[in-house]
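# Coordinates in review
Here is what each chain is made of, one letter per residue.
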Amino acid sequence: MDVPSDPTGAAGAPGPRRSRSRGLAAVVAGAGLTAALLAPVSASAAPQQPAQTEQAAQTELAAQQESADVVISEVYTTGAGTDAAFDQRFIELQNTGETAVDLSGWSINYRPSSRGEDSLTPSGHTDLSGTVEPGGHYLISNPGLSAGDGQALPQPDEHLGGATAMRDGVIWLSDSDQPIDVPLGDVQDVEGVVDLLGYGDANTVETAAADSVSGSSDVRSMVRTDGVDTDDNSADFTLSSTITPTNSAGEQIVHEGGGENGGDGGSGEGDRNEPVELAIDEIPRSLDASENELLEQPVTVSGVVTAAYPTGGFDGFVVQTPGTGGDVDLDEHTASDAVFVYSPWQVGEVSVGDHVELTADVTTYSGQVQLSLYAGSDQTPEHALAQLDEPAEAIKPAVVEFPETEAERQSLAGMLIDPQGSYTVTDNYTLNQYGELGVVAGSEPLSTPTDVVAPGEQAQALAAENAERLFYLDDGSSTNLSRSPGWDQELPYITAEDPVRIGAEVQWEQPVIVDHRYDEWRLQPTGHLTGETAEQVQPASIEDTRAGEQQPAAPEGDVRLASFNVLNYFVHLGEDEQGCDYYSDRDGEPTTTDWCTARGAYSQESFERQQTKIVSAINALDADVVALQEIENSAHFTDDADRDLAMQNLVEALNADAGSAEWAAVASPEETPAVGDEDVIRNGFIHRVDAVEPVGDSRILFDEGIDDIMTDELSALDVGSIFSNAREPLAQQFQPVDGGEDDRFFAIVNHLKSKGSAPDDGPNAETGDGQGAWNAARQEQAGALDAFADALAADTGTERVFLMGDFNSYTQEDPLQVLADGGFSNLAADAGDTYAYDGQVGSLDHVLGTEAAADSVVQTDIWNINSVEPIAAEYSRYNGSATDLYAPGQWRASDHDPVIVDIALGSDGGSDGGSGEDGSGDDSGNPGPGQGPPEGKGHNRDDHPGNGPGQNNGNGNGNNGHGNGTRGTMATAAGTDPEARG
């Protein structure tokens, strides 16, 4: 993978990792709409010139001051559907200064959070006009993609174009009428930007994103507090159920929502009914108002409190019918005996085990029916919570295997269960962000569909199955543990001594609550899981699987080859690059670069942490030749265009760690591409000097590099164009130090085009077959690589050719099929998986070989030291939380695992086990693990042999919050996203 580092989680954003807008609260009951046309304030829609000062020298300063006085004051994005307060969305501006400001030549702009580095321009842009008087407002409407059923806004001063929906993203006010590219990250000094609001999952913010609403039923607006602008969106804006759009004429309509956490609740325009007394399993669970007549109506239920969440953001508790649970037959159990009660004001009055009766409204949140309790509210006078004196029959946890079908999970929603069977961690990417772990039934993690089945219908079917099987073990909280103040809390489930690796067994220790929020099924502890509460509520521990991976398999044969993606190893640092931004740790210290030319560490301290890990891993590989990817192409950074500087730096560090000059780098050939034609990352080789030696010069696949070995096949290719978006392959012939011509072999290191930054159309667009974008480009690159290998073999007579590296292609995808058709076997296809993404495992990294190369192979191994490790242990996440997980050893040195191939050399390739020239004797010689186009690689499960599914999800939830509290988003982390650029 080849993306810039991004310790917010994005450089680790793959397709986007599950982003989540963790909105506060379910629909609040009992609100009404109050429209009041207020007396106009002093404002005019007609353009006026600001008062001129007598000192012309102060004109520019005064204009700047006036610009700073106009701010975004309120934004309403829930402008569609039946729950809408108004028939359109809106953006409101306010002049907080003492001087009128002419908006002629200004503009308002919006960009969704889905836009990345390659698309920074606004999707919605509207020129403004008119003057905003001191204290006055300016209203910009936005019909979005559909109109709402609420009432009309005051006459807007302008309309935002682009038919944009204004969901999570960034809005900026500009003093230019030309669209401005506003960069990603924390931006506070962009020329032309007067004010900026990033909210929800926004990837552009002032300091941190403001909370956004959880969905269309969360009827609140984002309101600037008292007009104060501290350049921190999260601090300056709060969510309010009182919505007050005001135009420049001073006309204002006030919508009064029903409670602090928004939502109209109640019964809309109809009358509220008298409470209906029901058993909990009689509460209708349909989300459709046409099918559920009790939605937004009060009901009275009683039950035993099985879980309570007064802290952490859930702001509620769970009640279950007394005596239920135990041995539940899911074939007959069709309705849940429990329900979540959202009540920020009453949750502190209950404890687990209490027997209670309550009257509350039936509402919905995040795809589930719940109760919303607002005792004491004038708008819901019937709401009440009472402790019952009579004893209740104890709740027994339901003894069930957690089901994989939606209907069966629905039948357990809210219930206390004791999970039976075996369960495995399949996703740990957001553990350090939201305290959650992706889990799947069985003993294996989920597999990336195109790693185990053919792209297209088979992969699509498996992806659907993956999504259905996945669930999350959560922490009973909506707290974002990767930003302040959450990062001062200890992480759940993990410590430096107790890692949580993909593939580890989940060992249940206490019952859990079945929950659904943020578009995923979850198992929650019975309270907010923190360091202080872990002994009481932590539901599970996780198997430590590091023990079997302390070292790779012991070498066999004569030479060990390895391929290793080294996660943007850059010796030129962000602090050396003018204007380079950075991501920082809890103390504000820089860690990694923020989309700069240098893609790795920002500071020397951070670089040393990164290098220490990489050096530990490479020296422990016990390899003789290592093919490297994602190492700095130093030609971009040195005056003499020395492209090998970073390679030499790594060799020096390896030798210092080894205590002697064991390693050398393969030098670049005399003929290299022009610096401007190469990426800032490159491929390379290092080798142990006492084991193997290069034969001749290395060779790069570009026009001038292949003139002397040109074949008809190569001459028919435009290799410059083919590799214009990838790293050119690098070839080197080797032989053992004490070997001869018969022992020679070629190694070619590759790093094909990644899957991200998809074009809108053409052969490289995303097709939905599971292979991602740029598949056609990777197929062309694979074809050119095949022709290059054939030309090298023909030129030298060396038949052993190994293709090594990050192919950005899973095992069953088309580029590997191209190479299989060319006679290359996938040598380590059965050795394991090298990469984890979207809660699934698969291999993007491969070693392929010709028939002669495959015959020489005696052992293959994939050393799982990186991909299955939590990103929290990566150097880019140093001091990212109160739990210190960084250690200088090999664990999480990169995001890709090394691939190892051991070979035995000789004139006849691998040994045939014979005793004489005629080959007589047994045929038990060295095994040839080569594999042609595989029929299917997978993880065996008892109920689904040979087809280990994965889940269709990035590490972050699309549009989901984590509780009735708020959770922000996290972009992708350094080198963790095969969907990203490069």
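Calculation notes
Residues numbered from 1 in each chain as written. Predicted model: local features only at pLDDT ≥ 70, side-chain atom pairs only at ≥ 80, totals over all residues. Heavy atoms only, no water. Core = buried A, V, L, I, M, F, W, Y, C linked by side-chain atoms within 4.5 Å. Buried < 20%, exposed > 50% of the residue type's maximum accessible area, 1.4 Å probe, protein only. Contact = heavy atoms within 4.5 Å. Phe/Tyr/Trp six-rings, centres within 6.5 Å; stacked < 30°, edge-to-face > 60°. Helix = DSSP H or I, 4+ residues; strand = E, 2+ residues; numbered from the N terminus. Axes fitted to C-alpha atoms, helices over the stretch in contact; angles between N-to-C directions. Parallel < 35°, antiparallel > 145°, perpendicular 65-115°, else oblique. Left-handed = near helix turned anticlockwise from the far one by under 90°. Nonpolar A, V, L, I, M, F, W, Y, C, P; charged D, E, K, R; others polar. pLDDT = per-residue confidence, 0-100. Disulfide = S-S within 2.5 Å. Patch = residues over 30% accessible without salt bridge, like charges linked within 9 Å, V, L, I, M, F, W, Y side chains within 5 Å. Areas by Shrake-Rupley, 256 points an atom, 1.4 Å probe, with all protein chains shown as cover. Salt bridge = Lys/Arg side-chain N within 4 Å of Asp/Glu carboxyl O. Lys, Arg positive; Asp, Glu negative; His and termini not counted. Charge placed at Lys NZ, Arg CZ, Asp CG, Glu CD. 1 Å grid on protein atoms, 1.4 Å probe; cavity = no way out; pocket = protein on both sides within 12 Å on 5 of 7 lines; lining within 4 Å. Points joined across faces, edges and corners; volume = space filled by probe spheres on them. Pairing = 2+ DSSP bridges.

Grouped together as the largest cluster of nonpolar side chains are 49 residues, with contacts concentrated most on Leu437 and Val506. Other than its neighbours up to four places away in sequence, leucine 437 contacts Val425, Asp427, Asn428, Leu431, Phe471, Tyr472, Leu473, Tyr493, Val500 and Ile542.

Another aspect to go through is the packing of aromatic side chains. Counted by the stated rule, this structure contains 16 aromatic pairs. Between tyrosine 582 and tyrosine 602 the ring centres are 4.6 Å apart and the planes differ by 50 degrees, which places this aromatic pair in the tilted class. Of this pair, tyrosine 582 sits in strand 34 (residues 582-584) while tyrosine 602 is found in the loop between strand 35 (590-593) and helix 8 (604-621), placing the two residues 20 residues apart along the sequence. Here tyrosine 582 falls in the partly exposed class, since its relative accessible area comes to 38%.

Across the interface, helix 8 lies against helix 9 (residues 645-658) with an axial gap of 10 Å and an inter-helix angle of 65 degrees. Of the possible angle classes, the one that applies to helix 8 and helix 9 is roughly perpendicular. Both helix 8 and helix 9 take part in a crossing whose hand is right-handed. Where helix 8 abuts helix 9, its residues Phe607, Gln611, Ile614, Val615, Ile618 and Asn619 lie against Asn649, Leu650, Ala653, Leu654, Asp657 and Ala658. Tallied by class, residues from the contact of helix 8 with helix 9 come to eight nonpolar, three polar and one charged.

Moving on: the packing of helix 12 (residues 775-796) against helix 13 (residues 814-821). With their axes 8 Å apart at the nearest point, helix 12 and helix 13 run at an angle of 20 degrees to one another. The orientation of helix 12 relative to helix 13 falls into the category roughly parallel. In terms of crossing hand, the pair formed by helix 12 and helix 13 is right-handed. Counted together, Asn775, Arg778, Gln779, Ala782, Gly783, Leu785 and Asp786 of helix 12 and Asp814, Pro815, Val818 and Leu819 of helix 13 form the full contact between these two elements.

A few words now on the confidence of the model for the protein chain. Averaged over every residue, the pLDDT of the protein chain is 84; the share at 70 or more is 82%. Ignoring residues within four places in sequence, the model shows residues 1-67, a span with pLDDT below 50, making 299 contacts including any to other chains. Note that residues 259-270 has pLDDT below 50 and, in this model, 52 contacts with residues that lie over four places away or in other chains.

Let us look at the state of the cysteines. Going through the model one piece at a time under the given rule, you end up with one disulfide. Covalent S-S linkage joins cysteine 580 and cysteine 596, the inter-sulfur distance amounting to 2.1 Å. Taking the sign of the torsion about the S-S bond as the criterion, the disulfide between cysteine 580 and cysteine 596, at about 95 degrees, is right-handed. Of this pair, cysteine 580 sits in the loop between strand 33 (559-569) and strand 34 while cysteine 596 sits in the loop between strand 35 and helix 8, placing them 16 residues apart in sequence.

Taken together, Glu670, Glu671, Asp697, Asp703, Glu704, Asp707, Asp718 and Glu780 make up a surface patch of like negative charges. Here aspartate 697 shows up in strand 39 (residues 692-700). Classification of aspartate 697 as exposed rests on a relative accessible area of 66%.

For glycine 192, the position within the fold is in the loop between strand 10 (185-186) and strand 11 (193-199). In the structure, glycine 192 is positioned 20 residues away from tryptophan 172 in sequence and 9.8 Å away in space, judged by C-alpha atoms. With sequence-adjacent residues up to four places away left out, glycine 192 is seen in contact with Leu173, Ser174, Asp175, Ser176 and Ile180.

As a further point, take empty space enclosed by the protein. Taken as a whole, the largest cavity encloses approximately 170 Å³ of empty space. Contributing to the lining of the largest cavity are 19 residues, with Phe340, Gln368, Asp515, His516 and Arg517 lying nearest its centre. Mapped onto the lining of the largest cavity, the elements with two or more residues apiece are strand 20 (338-342), strand 22 (368-372) and strand 30 (512-517). A breakdown of the residues in the lining of the largest cavity according to their chemical character gives 11 nonpolar, five polar and three charged.

For the rest of this paragraph, the subject is the pairing of strand 18 (residues 298-309). In terms of burial, strand 18 is largely enclosed, as 11 of its 12 residues are buried. Bridge count between strand 17 (residues 276-277) and strand 18: two bridges; the pairing is parallel. If you follow glutamate 277 over to strand 18, its bridge partner there is threonine 300. Across seven bridges, strand 18 lies against strand 21 (residues 355-365) in antiparallel orientation. Note on strand 21: the bridge partner recorded for valine 304 is histidine 355. In this structure, strand 18 lies alongside strand 19 (residues 316-320), joined through five bridges in antiparallel fashion. Across the sheet, the residue bridging to valine 304 is glutamine 320, located in strand 19.

Our next topic: the sheet that holds strand 24 (residues 398-400). Strand order in the open sheet made by the seven strands is 24-25-30-31-28-27-26, with mixed pairing throughout. Edge strands, defined here as strands with exactly one partner in the open sheet, are strand 24 and strand 26 (423-427). Each strand of the sheet is rotated relative to its neighbour by a mean of 45 degrees, with strand direction disregarded. Inspection of the sheet shows strand 25 (residues 416-419) paired to strand 30 by two bridges, in the antiparallel sense. Looking at strand 30, one finds that isoleucine 417 is bridged to valine 512.

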